[in-house]
Amino acid sequence: MISIYSSLLQSLAIIVGLILASLLLRRKSIISEEQRPVFGRLVTDFALPALIFSGLARQSFERGELVAVGIMAAALLICMILGWLAGRALGLSAGQLGAFILVAAFGSSSTLGYALISQAFPDDPAMLAEAVVISELGVGILIFTVGVAVAISFGQGAGGSLTSGLRTFLRSPIFISLVLGLAFSFLEPSPTNPVLKTALDLIFRMLDVIGGSLVIFVALAIALMLKPIPARKLAGLIVAVALIKLIAKPLIAFSMAEAELLPMTVTEILLIEAAMPSGTVAAVLADRYGCDGSIASALVIATYGLSLLTIPLIMLLTI
């Protein structure tokens, strides 16, 4: 456990260093705010699909992983309720409350989470495959169904509907790579022809290289997203969302995992995924459907900074 904790700290340091380097590129105008959508799409439409497919295609599924999916989904729904209660107590308006609920529940499990796990366990692709299953099935589907419904309910309802959000997810490269990876894993093709075998090996090596670029694109996107936060105005919201997303959610997930007696490796992946900061997609959904996108963005950025302190502390639970 000590080695895993040490690897996690090292991977956090690497990601922070990459973000600082990206900030320097931004300061020198090598990258600019206008390029942020490009790096965002490189994450969701290029690096992530390659990482998801290559991880799932070489993975066999066990009961523990499917139970972990249910635990992640349950912890997410509980945090949405906690977010609603906290937002009401803080006297937020409808648009602000919708934004707060989204960032309190949905995390960066498929961006920063994969990058962190790939750095923490570089020689164990099975760990990343487990993370993909837990994240995409336990979080990805819910954010484009329940998440969109919440954004519409508390926002203005402009720009789309629950069904359009689901269609967007079903057509996304992330979902397509998820389905193809699962299909490949269950079929388990093992070509005996040396030419086909070599071609398949080359394809997976290429996908591994593309997937390895994820951490770079994430760092560049985060650096372009960072903006000054009005701490006094948002102090109460920052504390509340940090308690729910960074503390309560991983503790809920860990308690459920312990009750189910999941294997330690699955529990570790589940804990890391649950402890991730709020996801940028939560802020995008909030803004698109009429909730307060500015508050959502500020809270997302705040949780990224605070997670550098909370993730190592949460991981002490596995030692």
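Quick caveat: nothing in here was measured; it's all calculated off a predicted structure.

Structural notes on the packing of helix H14 (residues 280-288) against helix H15 (residues 293-315)
For the pair H14 and H15, the least separation of the axes is 8 Å and the interaxial angle reads 175 degrees. Here H14 is positioned roughly antiparallel relative to H15, judged by the angle of their axes. For the pair H14 and H15, the contacting residues are Thr280, Ala283, Ala286 and Asp287 in the first and Gly293, Ala296, Ser297, Val300 and Tyr304 in the second. The residue inventory of the contact of H14 with H15, partitioned by class, reads 5 nonpolar, 3 polar and 1 charged.

A look at the environment of Glu260
Here Glu260 is to be found in the loop between helix H12 (231-259) and helix H13 (264-274). Taking relative accessible area as the criterion, Glu260 reaches 38% and is therefore assigned partly exposed. On a C-alpha basis, the gap between Glu260 and Ile71 in space is 9.5 Å, while along the polypeptide they are 189 residues apart.

Observations regarding a nonpolar patch on the surface
A cluster of nonpolar side chains, Ile78, Ile81, Leu82, Trp84 and Leu85, forms an exposed patch at the surface whose accessible area comes to about 420 Å². Considering the arrangement of structural elements, one finds Leu85 in helix H3 (residues 63-89). Leu85 sits in the partly exposed class, given a relative accessible area of 46%.

So, the confidence of the model for the chain
Looking at the chain, the pLDDT average stands at 83 and 88% of residues meet or exceed 70. Across the chain, the element-wise mean pLDDT spans from 66 in helix H8 (residues 162-171) up to 94 in helix H4 (residues 94-105).

Some remarks on the packing of aromatic side chains
Overall, the coordinates contain 3 aromatic pairs when judged by the stated rule. Here Phe53 and Phe184 contribute two aromatic rings whose centre-to-centre distance is 5.8 Å and whose plane-to-plane angle is 70 degrees, an arrangement assigned as edge-to-face. Of the two residues, Phe53 sits in helix H2 (residues 36-57) while Phe184 sits in helix H9 (residues 173-187), which places them 131 residues apart along the sequence. Centre to centre, the rings of Phe53 and Phe204 are 6.1 Å apart; their planes meet at 10 degrees, and the pair counts as stacked.

Thresholds, definitions, all that
Residues numbered from 1 in each chain as written. Predicted model: local features only at pLDDT ≥ 70, side-chain atom pairs only at ≥ 80, totals over all residues. Heavy atoms only, no water. Axes fitted to C-alpha atoms, helices over the stretch in contact; angles between N-to-C directions. Helix = DSSP H or I, 4+ residues; strand = E, 2+ residues; numbered from the N terminus. Parallel < 35°, antiparallel > 145°, perpendicular 65-115°, else oblique. Contact = heavy atoms within 4.5 Å. Nonpolar A, V, L, I, M, F, W, Y, C, P; charged D, E, K, R; others polar. Buried < 20%, exposed > 50% of the residue type's maximum accessible area, 1.4 Å probe, protein only. Patch = residues over 30% accessible without salt bridge, like charges linked within 9 Å, V, L, I, M, F, W, Y side chains within 5 Å. Areas by Shrake-Rupley, 256 points an atom, 1.4 Å probe, with all protein chains shown as cover. Salt bridge = Lys/Arg side-chain N within 4 Å of Asp/Glu carboxyl O. pLDDT = per-residue confidence, 0-100. Phe/Tyr/Trp six-rings, centres within 6.5 Å; stacked < 30°, edge-to-face > 60°.

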